[in-house]
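An overview of the molecular structure
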Amino acid sequence: MKIVSIVGARPQFIKAAAISRVLRKRHTEFLVHTGQHYDSCMSSVFFEELGIPEPDINLGVGSGSHGKQTGAMLAGIEALLIDQRPDWTLVYGDTNSTLAGALAAAKLHIPVAHVEAGLRSFNRAMPEEINRVAADVLSNLLLCPSQIAIDNLAAEGISKHVYLVGDVMSDSLTYAATRSRKQSTILEQIGLRSGEYLLATVHRAENTDDEFRLRSVLHAFEDLGEALVFPVHPRTRKVIDRINYTPPDHIHLIGPVGYLNMVMLAQSARMILTDSGGLQKEAYWLKVPCITLREETEWVETVQVGWNIIAGTEKSRIIDAVQTFTPPAEHPPLYGDGQAAARCVVALENR
Ligand code: UD1
Ligand code: UDP
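Predicted model, so just to flag it, every value in this text is computed and none were measured. (Residues numbered from 1 in each chain as written. Chains lettered and ligands numbered in written order. Predicted model: local features only at pLDDT ≥ 70, side-chain atom pairs only at ≥ 80, totals over all residues. Heavy atoms only, no water.)

**Re the packing of aromatic side chains**
Quick reminder of the rule: Pairing of aromatic rings covers Phe, Tyr and the six-membered ring of Trp, with a centre-to-centre limit of 6.5 Å; geometry is then stacked below 30 degrees between planes, edge-to-face above 60, and tilted otherwise. Where helices and strands are cited, they refer to DSSP runs of H or I of at least four residues and of E of at least two residues respectively, numbered from the N terminus. Classification of residues uses two cut-offs on accessible area relative to the type maximum, computed with a 1.4 Å probe and protein chains only: under 20% is buried, over 50% is exposed, and between them is partly exposed. Two thresholds decide whether a charge sits over a ring: the Lys NZ or Arg CZ must be within 6 Å of the ring centre and within 35 degrees of the ring normal.
A full pass over the atoms with the stated rule returns six aromatic pairs. Judged by centre distance (5.0 Å) and plane angle (55 degrees), the ring pair of phenylalanine 13 and phenylalanine 47 falls under tilted. Here the residue phenylalanine 13 occupies a position in helix H1 (residues 10–26), and phenylalanine 47 occupies one in helix H2 (residues 44–49), the gap between them amounting to 34 residues. Accessibility expressed as a relative area gives 8% for phenylalanine 47, which makes it buried. Members of the aromatic cluster, each reached through a chain of ring pairs, are Phe13, Phe46 and Phe47. The ring centre of tyrosine 175 lies 3.6 Å from the NZ or CZ of arginine 21, which sits over that ring. Sitting above the plane of the tyrosine 175 ring, arginine 179 keeps its charged end 3.7 Å from the centroid.

**Concerning the environment of lysine 2**
To be explicit about the condition: It only takes one pair of heavy atoms within 4.5 Å for two residues to be counted as in contact.
When you line up the elements, lysine 2 lands in strand S1 (residues 2–7). With relative accessibility at 26%, the residue lysine 2 sits in the partly exposed group. Lysine 2 sits 84 residues away from proline 86 along the chain, and the two C-alpha atoms are 5.0 Å apart. Look past the residues within four positions of lysine 2 in its chain and what remains in contact with it is Thr28, Gln84, Pro86, Asp87 and Trp88.

What follows is the structure in structure tokens.
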């Protein structure tokens, strides 16, 4: 089979790495980078570290408003799909690149497979929620990481060609864990020891577009007084620079890090505070307690089993969560067994 895979943003490179490795053993993959993320620390570092093949084409779309960015992707993807005529178009997650890929393919009657289908926050103010719902409606094969994702789709009337495959991010974490231990020196570079710091990431539009929310989170980090590493997403950096924020000594604001450094930072953290989707799951797999800086999560299982607390962005709630959180002794397996990519490829072959 010939498969066109569409990626564009950091978490999609990490997801695609796992699938490409399996897919290319038996099929032909044409890898499209939309160019949504373009800084080397947001893009090429993941290709290098995870052994992802060079994209066959980079559409170079770059940043912009939702309509402008998605529209440019749609036009670019449509042209290359007409040229390539694949058996399948593969889209990942919930970004604008996901939506553009699914929409372009569906209009050309090219079957769409959605990896990480069925996730819902039930918050339509999130651009990602709109992208997910639309991508799922347009998909001919829905590859779900959890039973809850399958149930979400069923509640929307989607029950055909839906498969529980597990989470491909778990595959990638397994791949990177040993490499990270061998290669990463990030802790030495920052001057921190395992278990003696908090790790934080904040990039969600709702937390960065609203400067007061971001300030509230930063003030919580300040008042916690504990060493904290914060690799800053470019979107967040723009706001931090605009408000002229200078952190106290215990807050280490660093640039976005590559995946091997991130895995090292995550596995050695005492606790993780984040609004990232991917990092909530990684925290769970690495058995690090997680505090989610949002009012809801798509990864509800991590909350149900007691390893993730929804704390929002109010300073007092964040501080209280960090100071009182004791995770349970039980740590049941969630989101599969690290073999999700193989199941995705088999599902594609069988369909
Ligand atoms: C996107 C996804 C989000 C995902 C995140 C992963 C959408 C709607 N959002 O959000 O779901 O969680 O990626 O990180 O698709 N920028 C740079 N350099 C880059 C990339 C971005 O400076 O390489 C800056 C630009 O100022 C840009 C801003 O970051 O305007 C936001 O980038 P964009 O890709 O639009 O959205 P993300 O916030 O990254
Ligand atoms: N990540 C990374 N470097 C960073 C921040 C995050 O490698 O500086 C990884 C993180 O470990 C996870 C993925 O990027 O695997 C999550 O991406 P992000 O938070 O940008 O997007 P989301 O998952 O929220 O869509």
